[in-house]
Amino acid sequence: ALPIYAAGLQDATPRGGAPGFVKVMDATTLLIPDASGNNRLDSLANIVDTGRVGLLFMLPGVDETLRVNGRAALSLDAAHLAPFAGEPRPPKLAVVVTVEEAYLHCAKAFMRSRLWDASTQVSRSVLPSMGEMIRDQSGLDIPAETQQEMVERYQKTM
């Protein structure tokens, strides 16, 4: 069996939410809710192993990014979960980040890619669905979930 994650290796896991989903506790502390997702524990396991995290904040339509590096810990503490109590699906776990570095990154990469320009965006229909990709990579002879089926399933748990 393959391990859930590869110890010592870095991973990049997208996290997101409505504006303000990351809470600023003080000048050096951020709280990130652990929202329900695909149940891959790579990032959480890496935080336990290394006690460190690197974050890249992107805002749709804004070409500059905010990069944050620091120490991280997982918390079940009520004080760390309280800021999320009003959410439709409050998290059961928070990632507490102690900021060691925070800086803006220039806009050149996003400007070159025209990432936020709707005229350059690829229609989702030109790619196989995630279900089709997983089926093809796994070699399983099973029906593949369509993109629409995946969207409908995700919307029930967001």
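A brief look at the structure comes next. Just so you know, these numbers come straight off a predicted model, no measurement behind them. (Residues numbered from 1 in each chain as written. Predicted model: local features only at pLDDT ≥ 70, side-chain atom pairs only at ≥ 80, totals over all residues. Heavy atoms only, no water.)

### Some points on the pattern of salt bridges
Two side chains that carry opposite charge are able to pair once their charged atoms sit near each other.
And then number 1: For the structure on display, the rule yields six salt bridges.
And then number 2: A salt bridge links Arg15 to Asp34, with the nearest nitrogen and oxygen atoms 2.9 Å apart. Here Asp34 lies in the loop between β2 (29-33) and α1 (42-50) and Arg15 lies in the segment before β1 (23-26), a separation of 19 residues in the sequence.
And then number 3: In this structure, Arg71 engages Glu100 in a salt bridge whose closest nitrogen and oxygen atoms are separated by 3.0 Å. Residue Arg71 is located in strand β4 (residues 65-75), and its partner Glu100 is located in strand β5 (residues 94-105); the two are separated by 29 residues in the primary sequence.
And then number 4: The exposure class of Glu100 is partly exposed, given its relative accessible area of 41%.
And then number 5: One network of salt bridges, with partners in common, ties together Arg52, Arg71 and Glu100. (Salt bridge = Lys/Arg side-chain N within 4 Å of Asp/Glu carboxyl O. Helix = DSSP H or I, 4+ residues; strand = E, 2+ residues; numbered from the N terminus. Buried < 20%, exposed > 50% of the residue type's maximum accessible area, 1.4 Å probe, protein only.)

### Comments concerning the sheet that holds β1
And then number 1: What the five strands build is an open sheet, ordered β1-β2-β5-β4-β3; its pairing is antiparallel. Edge positions in the open sheet fall to β1 and β3 (52-57), since each of these has one partner strand only. Recorded for the sheet is a direction-independent mean angle of 35° between the axes of neighbouring strands.
And then number 2: Examined bridge by bridge, β1 and β2 share three bridges and lie antiparallel to one another. By the bridge assignment for β2, Val24 is matched with Leu30.
And then number 3: Each of β3, β4 and β5 is contacted by α1, which is oriented at about 75° to β4, the strand it contacts most. (Pairing = 2+ DSSP bridges. Axes fitted to C-alpha atoms, helices over the stretch in contact; angles between N-to-C directions. Contact = heavy atoms within 4.5 Å.)

### Some remarks on the side chain of Thr65
And then number 1: Checked against the element boundaries, Thr65 lands in strand β4.
And then number 2: A residue is classified by how much of its surface remains accessible, and Thr65, at 7% relative accessible area, is buried.
And then number 3: Leaving out residues up to four positions away in the same chain, Thr65 has contacts with Leu56, Phe57, Met58, Tyr103, Leu104, His105 and Phe110.

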